[in-house]
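What the coordinates show
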There are 2 protein chains.
Amino acid sequence: MNIGEAAAASGLPAKTIRYYEDIRLVRPARGANGYREFSERDAHKLAFLGRARSLGFSIEDCRTLLSLYEDRDRASADVKRVAREHLGRIERKIAELQALRGTLDQLIARCHGDDRPDCPILDDLAGEPDRTR
Amino acid sequence: MNIGEAAAASGLPAKTIRYYEDIRLVRPARGANGYREFSERDAHKLAFLGRARSLGFSIEDCRTLLSLYEDRDRASADVKRVAREHLGRIERKIAELQALRGTLDQLIARCHGDDRPDCPILDDLAGEPDRTR
DNA sequence: CTAGGGGTTCCTGTCACTGGAAGGTCAATG
DNA sequence: CATTGACCTTCCAGTGACAGGAACCCCTAG
């Protein structure tokens, strides 16, 4: 199957598949005309990558997960560790964004948002002490 | 004040300040020796930018906020709109990450994480239907 | 024979910096 | 006066994970 079919089968854009070949995540065969030839196994790998990426795993994590997937002697502990580290990063990111949300929420609440120029949001960004809080 | 002092005063790395000049967020004067010369006003702007960036505003948002900050005839509604749009992006991102966390949590919980090879995390990534859930 | 819809490579751009190389300038010291 | 070391300058490359587009090749149908 050529790249268009592989894209349809895996749900990944052809551009992305070419990129994955560039960084050696997949290594499709080549036909006489220079076209990539994807096996079922290649397509399966691509779908695996698509799902791993949609869970937010980095490309390097994907590389690790893929090699674990293909290793019949893997230990599930290794997979779990990768997933847990990823989960930790996500949780830290959530906490960080929630803190931002809290700050922004407060600033927005205090700004009347009309056609007058005075604005607690700008005051805060300018480092001015807040007299209304 | 030269770039090192401006960096210390604003809390931004000198590299970042040079970059901000590159993209015309600040326009410090130049001395006879070619060194940048930052006024108090410049330093204040840099600190403003640092705070806006730390709230997660994009550079383009910062550009807008800075011009609003410097416009005495601004309407606070304009500032509030920028902030609300940013807040919306943050909230969408939080929701997205929370969904990822939920999925990952479940997968991790079901993986025994020992030295055996069978692993629900890999099974899920491989697209296999789950028999234990 | 031509048109179109595949495919190919290569280059550029994204975002907001960061690191590093090669070299100029300044203030203090020997 | 020469040197040292801290500072400054510019320019180039890399980050992550692609996306857009140009220029060109290939295959099939009409």
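In case you missed it, the structure is sitting above this.
A few points on the structure.

Criteria and thresholds
- Residues numbered from 1 in each chain as written.
- Chains lettered and ligands numbered in written order.
- Predicted model: local features only at pLDDT ≥ 70, side-chain atom pairs only at ≥ 80, totals over all residues.
- Near = placed C-beta within 6 Å.
- Helix = DSSP H or I, 4+ residues; strand = E, 2+ residues; numbered from the N terminus.
- Nonpolar A, V, L, I, M, F, W, Y, C, P; charged D, E, K, R; others polar.
- Buried ≥ 20, exposed ≤ 12 C-beta atoms within 10 Å, placed from the backbone.
- Arc of directions from axis to C-beta.
- Contact = placed C-beta atoms within 7 Å.
- Least-squares fit on C-alpha atoms with pLDDT ≥ 70 in both.
- Axes fitted to C-alpha atoms, helices over the stretch in contact; angles between N-to-C directions.
- Parallel < 35°, antiparallel > 145°, perpendicular 65-115°, else oblique.
- Left-handed = near helix turned anticlockwise from the far one by under 90°.

1. A few points about the protein's contact with DNA strand D
Taken together, 16 residues form the shell around DNA strand D, and within it Asn33(A), Ser58(A), Ile59(A), Gly4(B) and Arg36(B) come nearest. Those elements that provide at least two residues to the surface near DNA strand D are α2 (14–22) of chain A together with α1 (3–10) and α2 (14–22) of chain B. Here the residues of the surface near DNA strand D are counted per class, giving six nonpolar, six polar and four charged.

2. Some details on helix α4 (residues 59–69) of chain A
Of all the residues in α4(A), the buried ones are Cys62(A), Leu65(A), Leu68(A) and Tyr69(A). An end-on view of α4(A) places all buried positions within 125° of arc, on one side of the element. Opposite the buried face of α4(A), by more than 90 degrees, sit the exposed residues Glu60(A) and Ser67(A). Where α4(A) is buried, its residues meet α3 (40–54) and α5 (76–110) of chain A together with α6 (120–125) of chain B.

3. Looking at the environment of Val79(A)
Mapping Val79(A) onto the fold places it in helix α5. The class for Val79(A) is buried, based on 24 C-beta atoms found within 10 Å. Separated by 36 residues in sequence, Val79(A) and Asp115(A) have C-alpha atoms that sit 56 Å apart. Once residues within four sequence positions are removed from consideration, Val79(A) is found in contact with Leu65(A), Leu68(A), Arg74(A), Cys111(B), Cys119(B), Ile121(B) and Leu122(B).

4. A closer look at the environment of Ala126(B)
The topology assignment puts Ala126(B) in the segment after α6. Residues Ala126(B) and Ile23(B) lie 103 residues apart in sequence; the distance between their C-alpha atoms is 45 Å. Ignoring any residue separated from it by four or fewer positions in sequence, one finds Ala126(B) in contact with Phe48(A) and Tyr69(A).

5. Quick look at the interface of chain A and chain B
Facing 48 residues of chain A, the contacting portion of chain B comprises 48 residues. Of all the secondary structure elements, the ones that give two or more residues to the side of chain A that touches chain B are α3, α4, α5 and α6 (120–125) of chain A. By residue class, the composition of the side of chain A that touches chain B is 26 nonpolar, eight polar and 14 charged.

6. A word on unusual backbone geometry
Residues and elements named next belong to chain A. The residue Arg24 is not glycine, and still its phi comes out positive at about 60°. Its place among the elements puts Arg24 in the loop between α2 and β1 (29–30). Looking at Arg24, the number of C-beta atoms within 10 Å reads 8, which means it is exposed.

7. Here we look at the relation of the copies chain A and chain B
When chain A is brought onto chain B, the operation consists of a screw motion whose angular component is 180° and whose axial shift is 0.0 Å, with 0.1 Å RMSD remaining. The symmetry that links the two subunits is that of a two-fold axis. When each C-alpha of chain A is compared by its distance to the rotation axis, Ile94(A) comes out closest, at 2.9 Å. Counting the interface residues of chain A, we find that 100% of their copies in chain B are interface residues as well, pointing to one common contact surface.

8. Topic: the protein's contact with DNA strand C
Taken together, 16 residues lie around DNA strand C, and Gly4(A), Arg36(A), Asn33(B), Ser58(B) and Ile59(B) are the ones closest in. Listing elements by their share of the surface near DNA strand C, those giving two or more residues are α1 (3–10) and α2 of chain A together with α2 of chain B. Here the surface near DNA strand C takes three residues from α2(B), the largest share from any one element. Here the surface near DNA strand C is built from residues that sort into six nonpolar, six polar and four charged.

9. Digging into the packing of helix α3 (residues 40–54) of chain B against helix α4 (residues 59–69) of chain B
Residues and elements named next belong to chain B. It is at 10 Å that the axes of α3 and α4 come closest, and there the two elements cross at 135°. Compared by their axis directions, α3 and α4 come out oblique. Here α3 runs over α4; the crossing is right-handed. Counted together, Lys45, Phe48, Leu49, Ala52 and Arg53 of α3 and Cys62, Leu65, Leu66 and Tyr69 of α4 form the full contact between these two elements. Here the residues of the contact of α3 with α4 are counted per class, giving seven nonpolar, no polar and two charged.

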